[in-house]
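Next come the chains, spelled out residue by residue.
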Amino acid sequence: MSNNVKAFGTEAADKPLKQMTIERREVTAKDIEIDILYCGVCHSDLHTARNDWGGTVYSAVPGHEIVGKVTKVGSDVTKLKVGDYAAVGCMVDSCQTCDSCKQDLEQYCQKGFTGTYNGKDKHLGGHTFGGYSEKVVVDENFVLKVPENLDLAAVAPLLCAGVTTWSPLVHWNVKEGSKVAVIGLGGLGHMAIKLAKGLGAEVTLFSRSPSKEKDAKELGADTVIISTDEKQMKSVRGKFDLIIDTVPYEHDLNPYISTLTINGTLVLVGFIGELDSMIQTPAMIMGRRSIAGSVIGGIKETQEMLDFCGEHNIVSEIEMINMQDINDAYERMLKSDVRYRFVIDMKSLKYN
């Protein structure tokens, strides 16, 4: 059994997103049905819609920063009840049995997690559809509780941008007094600053643009270093315990490596692809410095991040849009013309 719901998606890489009808499964014993109130807009949505990474299956309905209200629960569900606020991030399933899943690291499932969109739908067949839609039905193990004190719309980007930066902060043990730098001030970068500051770190932004300084400091950065200024870069050599690199395109990592302290790590969270510039190893070898990568976060740590944000009143900086404006939003996103994350008000889809 299944239900038809309104959605917004695309039929091909070169076609705009438009309204369509998709199927959602009936609630099974362990399922939760969520009426979607808000859905954040991620660069991954655009890349999938336009098949930039290859492998997109059409029709494609993006959206993996979902916040809404529970409307149905299965007979075995214990996590949430009808009327509760709930959230869904980038995953809706995983094997649950491999070593990664047993460590609450479903994002590294050795059999591959099921993406909220463009993943294999084991219930209805075909592929999964994301949050640009009226409703979603998800296994309770992949549904999150939302702190009621937070602005629901501004919570949505926490499900991807938030946990993408939270996971490395926690993994590399950022705490009171840690020295953290963030490369790039966008959807990921602004969350990295907020969360690192919330954890008690001294936070620096690396930016190519002096115009970002005011915003960065309002978000919680203590210092802004202009990465093209050789004197400023020299002033922070050997300083940082952790650098979170949020830049979503190819760029040179070498200038940043020497700013790490002994045993420091630069972690890539924004760029997926090939870095053509050679890594100069002397700065790494002479300081036991590392370059690493990280992607989203497991369900347990995503819930911990949401709870932390509830305690510290941390949410994303957002611009609300109607569903019908998504194609324009994608073009603006490509120009970095958003401060700092678009969120769709799903009333615009339901009642239009």
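Just so it is clear, the model here is predicted, and its values are computed rather than measured. (Residues numbered from 1 in each chain as written. Predicted model: local features only at pLDDT ≥ 70, side-chain atom pairs only at ≥ 80, totals over all residues. Heavy atoms only, no water.)

Chemist: How do you make sense of the overall build of the protein when you look at a structure like this?
Modeler: Of the regular secondary structure elements, the protein holds 12 helices and 17 strands. Scaling as 2.2 N^0.38, a compact globule of 352 residues should have a C-alpha radius of gyration of about 20 Å, and the protein matches this with 20 Å. In terms of overall dimensions, the protein has a C-alpha envelope of 65 × 40 × 35 Å along the principal axes. Relative to its 352 residues, the protein shows a buried fraction of 56%. The long-range share in the protein, meaning contacts at least 24 apart out of those at least 6 apart in sequence, stands at 68%. Charge-centre separation for the protein: the mean point of 38 positive side chains lies 2 Å from the mean point of 47 negative side chains. (Helix = DSSP H or I, 4+ residues; strand = E, 2+ residues; numbered from the N terminus. Rg over C-alpha atoms; globule rule 2.2 N^0.38 Å. Buried < 20%, exposed > 50% of the residue type's maximum accessible area, 1.4 Å probe, protein only. Contact = heavy atoms within 4.5 Å. Lys, Arg positive; Asp, Glu negative; His and termini not counted. Charge placed at Lys NZ, Arg CZ, Asp CG, Glu CD.)

Chemist: Could you clarify how one ought to interpret the environment of A201 in this entry?
Modeler: If you trace the backbone, A201 turns up in the loop between α5 (187–198) and β11 (202–207). Other than its neighbours up to four places away in sequence, A201 contacts V174, K175, G177, S178, V180, A196 and D222.

Chemist: Mind showing me how you'd approach the side chain of E134 here?
Modeler: Position of E134 among the secondary structure elements: in the loop between β7 (114–115) and β8 (135–139). Buried within the structure, E134 lacks any salt-bridge partner; K6 is the closest side chain of opposite charge, at an N-O distance of 5.3 Å. Those residues within four positions of E134 in sequence are excluded, and the remaining contacts are V5, K6, I34, D35, I36, L349 and K350. (Salt bridge = Lys/Arg side-chain N within 4 Å of Asp/Glu carboxyl O.)

Chemist: What should I look at first to understand the sheet that holds strand β10 (residues 179–183) in this one?
Modeler: What links the strands of a sheet is backbone hydrogen bonding, and the strands pair in either a parallel or an antiparallel sense. The strand order across the open sheet formed by 6 strands is β12-β11-β10-β13-β14-β15, and the pairing between neighbours is parallel. In this open sheet, the two edge strands, each paired with only one partner strand, are β12 (223–226) and β15 (290–293). Direction aside, neighbouring strands of the sheet carry axes that sit 20° apart on average. Note: strand β13 (residues 240–245) against strand β14 (residues 260–268), 5 bridges, orientation parallel. (Pairing = 2+ DSSP bridges. Axes fitted to C-alpha atoms, helices over the stretch in contact; angles between N-to-C directions.)

Chemist: I tried to follow the state of the cysteines on my own but got confused; where do I start?
Modeler: This model, assessed by the stated rule, comprises 0 disulfides. Take C39: it sits in no disulfide, and the sulfur closest to it among the cysteines is that of C42, at 9.8 Å. Among the cysteines around C95, which has no disulfide bond, C109 carries the closest sulfur, lying 3.6 Å off. Look at C95 and you get partly exposed, because its relative accessible area is 22%. (Disulfide = S-S within 2.5 Å.)

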